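One-letter residues, chain by chain:
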Amino acid sequence: MLLLLLAILSADTNHNNIIFLRQTAADGVTPEEATHLRDEVREMFYHAFNGYMEHAFPLDELKPLSCGGEDSLGGYALTLIDSLDMLALLGDRERFTSSVDWIGKNLRFDINKTVSVFETTIRVLGGLLSAHLIASDYATGMRIPSYDNQLFDLAEDLARRMLPAFDTPTGIPFGSVNLLYGVDEQESRITSTAGGGTLTLEFGMLSRLTNDPIFEQVTKNAVRGLWARRSKLNLVGAHINVFTGEWTQKEQVLILFYEYLLKAYLLFGDEEYLFIFQEAYAAAMHYLYNDPWYVEVNMDSAAIVWPLFNSLQAFWPGLQVLAGDIDPAIRTHAAFFSVWKRYGFTPEGFNLATLTVQQGQKSYPLRPELIESTYWLYKATRDPRYLDVGRDMVVSLQYGARCPCGYCHIVDVEFHNKEDHMESFFLAETVKYLWLLFDLASGPDNLVENGPYKYIFSTEGHLLPATPQISLIREHCSYLGAYCKGGSIEQESHSSFLKSTSTSGLMKGLCPGLTHGQKYGISYLDATSTVQEDHSTHQRENVADSHSLLVVSQQSADNSLSNNKNNDHDMNVQESNHQCFLMTLLGNSAIVDKT
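Calculation notes
- Residues numbered from 1 in each chain as written.
- Predicted model: local features only at pLDDT ≥ 70, side-chain atom pairs only at ≥ 80, totals over all residues.
- Heavy atoms only, no water.
- Pairing = 2+ DSSP bridges.
- Helix = DSSP H or I, 4+ residues; strand = E, 2+ residues; numbered from the N terminus.
- Axes fitted to C-alpha atoms, helices over the stretch in contact; angles between N-to-C directions.
- Buried < 20%, exposed > 50% of the residue type's maximum accessible area, 1.4 Å probe, protein only.
- Contact = heavy atoms within 4.5 Å.
- pLDDT = per-residue confidence, 0-100.
- Disulfide = S-S within 2.5 Å.
- Salt bridge = Lys/Arg side-chain N within 4 Å of Asp/Glu carboxyl O.
- Parallel < 35°, antiparallel > 145°, perpendicular 65-115°, else oblique.
- Left-handed = near helix turned anticlockwise from the far one by under 90°.
- Nonpolar A, V, L, I, M, F, W, Y, C, P; charged D, E, K, R; others polar.
- Core = buried A, V, L, I, M, F, W, Y, C linked by side-chain atoms within 4.5 Å.

A word on the sheet that holds strand S6 (residues 239-241). Hydrogen bonds between backbone atoms are what pair the strands of a sheet, whose relative direction is either parallel or antiparallel. An order of S5-S6-S7 is seen for the three strands of this open sheet, with the pairing classed as antiparallel. Whereas interior strands pair on both sides, the edge strands pair on one side only; in this sheet they are strand S5 (190-192) and strand S7 (247-249). On average, each strand axis in the sheet is inclined to that of its neighbour by 35°, with strand direction left out of account. With two bridges joining them, S6 and S7 adopt antiparallel strand pairing. Note that in S7 the partner of His 239 across the bridge is Gln 249.

With that settled, the discussion passes to the pairing of strand S18 (residues 409-412). Here is the key point about a regular strand: its side chains alternate between the two faces of the sheet. Where S18 meets strand S19 (residues 417-419), three bridges bridge the pair, whose relative direction is antiparallel. Opposite Asp 412, over in S19, you have Asn 417 as the bridge partner. Connecting S18 to the next strand, S19, in antiparallel fashion are four residues, including His 416 with a positive phi near 60°.

Quick look at the side chain of Ser 231 now. Within the secondary structure, Ser 231 is located in the loop between helix H9 (214-227) and S6. Look at Ser 231 and you get buried, because its relative accessible area is 9%. When sequence neighbours within four positions are dropped, the list of residues in contact with Ser 231 reads Met 299 and Asp 300.

A few words now on the sheet that holds strand S14 (residues 349-351). Here three strands make up an open sheet; going across it, the order is S13-S14-S15 and the pairing antiparallel. Unpaired on one side and paired on the other, strand S13 (308-310) and strand S15 (356-357) mark the two borders of the sheet. Relative to S15, S14 runs antiparallel, the two being bridged by two bridges. Directly across from Asn 351, in S15, lies its bridge partner Thr 356.

Here the focus is the confidence of the model for the protein chain. Considering every residue of the protein chain, the mean pLDDT works out to 81; 75% of them sit at 70 or more. Low pLDDT, under 50, characterises residues 1-26; the stretch is placed with 28 contacts to residues that sit more than four places away or in other chains. Counted against residues more than four places away or in other chains, residues 588-595, with its pLDDT under 50, gives 21 contacts.

Next up on the list: the state of the cysteines. By the definition in use, this model includes two disulfides. Shown here is the disulfide that connects Cys 67 with Cys 405, its sulfur atoms set 1.8 Å apart. Handedness here is read from the sign of the S-S torsion; for Cys 67 and Cys 405, about 85°, the answer is right-handed. With Cys 67 in the loop between strand S1 (61-63) and strand S2 (68-70) and Cys 405 in the loop between strand S16 (402-403) and strand S17 (406-407), this residue pair connects regions lying 338 residues apart in the sequence. A relative accessible area of 24% places Cys 67 in the partly exposed class.

Across all of its chains, the model carries 27 salt bridges by this definition. For Lys 250, the salt bridge identified is with Asp 300, shortest N-O distance 2.8 Å. With Lys 250 in the loop between S7 and strand S8 (251-252) and Asp 300 in the loop between strand S11 (296-298) and strand S12 (304-306), this pair connects stretches of sequence that are 50 residues apart. On the basis of relative accessible area, Asp 300 is assigned to the partly exposed category, the value being 40%. For the salt bridge of Glu 414 with Lys 362, the shortest nitrogen-to-oxygen distance reads 3.5 Å. Of this pair, Glu 414 sits in the loop between S18 and S19 while Lys 362 is found in the loop between S15 and helix H14 (369-381), placing the two residues 52 residues apart along the sequence. Judged by its relative accessible area of 38%, Glu 414 is partly exposed. According to the relative accessible area criterion, Lys 362 is partly exposed, its value standing at 22%. Each of Glu 61, Glu 119, Arg 123, Glu 423 and Glu 460 takes part in one network of salt bridges that share partners.

Direction vectors running N to C along H9 and helix H10 (residues 256-268) enclose 135°, while the axes themselves pass 12 Å from each other. Here H9 is positioned oblique relative to H10, judged by the angle of their axes. Two packed elements cross with a definite hand, and for H9 against H10 that hand is left-handed. Contact with H9, carried on its side by Glu 216, Val 223, Leu 226 and Trp 227, involves Phe 257, Leu 261 and Phe 268 of H10 and no other residues of that element. Residues belonging to the contact of H9 with H10 are distributed by class as follows: six nonpolar, no polar and one charged.

At a minimum axis distance of 11 Å, the contact between helix H2 (residues 31-55) and helix H15 (residues 385-401) shows a crossing angle of 35°. Our pair here, H2 against H15, has a crossing hand that is left-handed. In this structure, H2 contributes Glu 33, Leu 37, Glu 40, Val 41, Glu 43 and Met 44 to the contact, and H15 contributes Arg 391, Val 394, Leu 397 and Gln 398. Each residue belonging to the contact of H2 with H15 can be placed in one class, and the counts come to five nonpolar, one polar and four charged.

This paragraph deals with the nonpolar core. Counting residues in each nonpolar core, the largest one holds 169 residues, and the members touching the most others are Phe 96, Phe 203 and Trp 316. In this structure, Phe 96 is in contact with Leu 84, Leu 87, Ala 88, Ala 131, Ile 134, Ala 135, Met 142 and Ile 144, ignoring residues within four places of it in sequence.

This paragraph deals with helix H3 (residues 78-89). Counted residue by residue, H3 has twelve buried out of twelve residues, so it is predominantly covered. Within H3, burial applies to Leu 78, Thr 79, Leu 80, Ile 81, Asp 82, Ser 83, Leu 84, Asp 85, Met 86, Leu 87, Ala 88 and Leu 89. Among the residues trailing H3, Gly 91 stands out with phi positive, at a value near 75°.

So, in structure tokens, the structure goes:
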């Protein structure tokens, strides 16, 4: 019955898309209109940013209806920190400089505040690191002459204050930590998979900038702790006990855990993340995917638990673009956007069985995920339909969510009732992806498209550059002292660095003397012996003419779901080299051949 309903809804979705495409064929976004829309989105940003600075700063977030402010996370000017790299992206040197200066002089983290490890990492730590890398580098065009690493020092201090959260038997962190006293004795031992497994980019970047491996070690151990407890189907649950490792909620959904697996590989070149991503992605596409929708299933049996479109799932098509799996991304995005078209926004939950908004999940808190996927699909395909999608989103936000001092949460997408709250991610992500979409169509002139580096976006939309210091200088085989033995690690690393840069640009070297499993974190090198192995049997195939990084294929997906897993698994995965990918999809000439 459910499959029939999904088929009906898919047919309805396709019908709606046909109507929509006919309309846009006659009334598509012209280059002139794209420029106008880009400028309108810029005005949207400043309407909300100025509202925050005038009525809420230095509190965390704006109350856009009453023109007030509130502390929602830690009481440290959250929205300002979250907005820093957007100010730089817009080329607003004056406000970027003054904001960085104020934060450097006034922000401190030695405070008696219990904060979310996940939210603090992606919003505050990521915001500080991104702005630091922009403000300290001449090549970005936004270097601040008086800047003396104040944001970097704050970021390191903040991360060290969160380290006690990782002191658990499983390595999976507590959900919250007190910045002054560590983890409270009464702190819940239950945490979400997304919260525990979506910290690798910010902490890993900090390790590379500080030359201290502890930050990357703890977050990689958290990922390993979660993945080691996957089911036989290669699925993970939604919540887990950080002490016992027992899953307390076994529903498998599309979660940010997948996003950081792939992006950690793209940014750091660590193939352990790629290996886990390939396995996890194949399982998700096999068990969760009901073309074009995704459902929640039990991680052990794959039985459907809930036929629900959750608005957070909307990041998935964008991630599929990065993975090179374009066709399902296009279909799923069209399905998700049909919900937006129906209500003017995406509700937190849309029931696929009843085709109605899920009771208790009727709100739209200005989420960016569908806009993010729209940007990536346009960047990959240059299909003008995504500009039409973006225009519809601008219209919805302007007419449905604009408030006197900013933009309001929508309490009920059916009636467009407003709530007096604006999340910081509206400025960090929602308007950022809209602005990038239309700037790309107008002839891009920004740090992301024309800057000195290729950028990976964090899950909060922060710009993380693939600089040599971050992506090249520390080799996978020696960075954490992991896997490699002996006293010649430094020399070994240098050798592998020369080899990797001469062939694939940003690919890492691998340690000699390791089995396939040891290379990818499946097993560990015995303390008393070293297993020798011929590397040549485990080299991945390169597709020289690929336009994007292809880390998934039907063949590899099928193989990964079989019980006959062996050391030649990676030969079934087609992959263009890392440099080619970053030069195309992450660069300004990204076009994926849809044939």
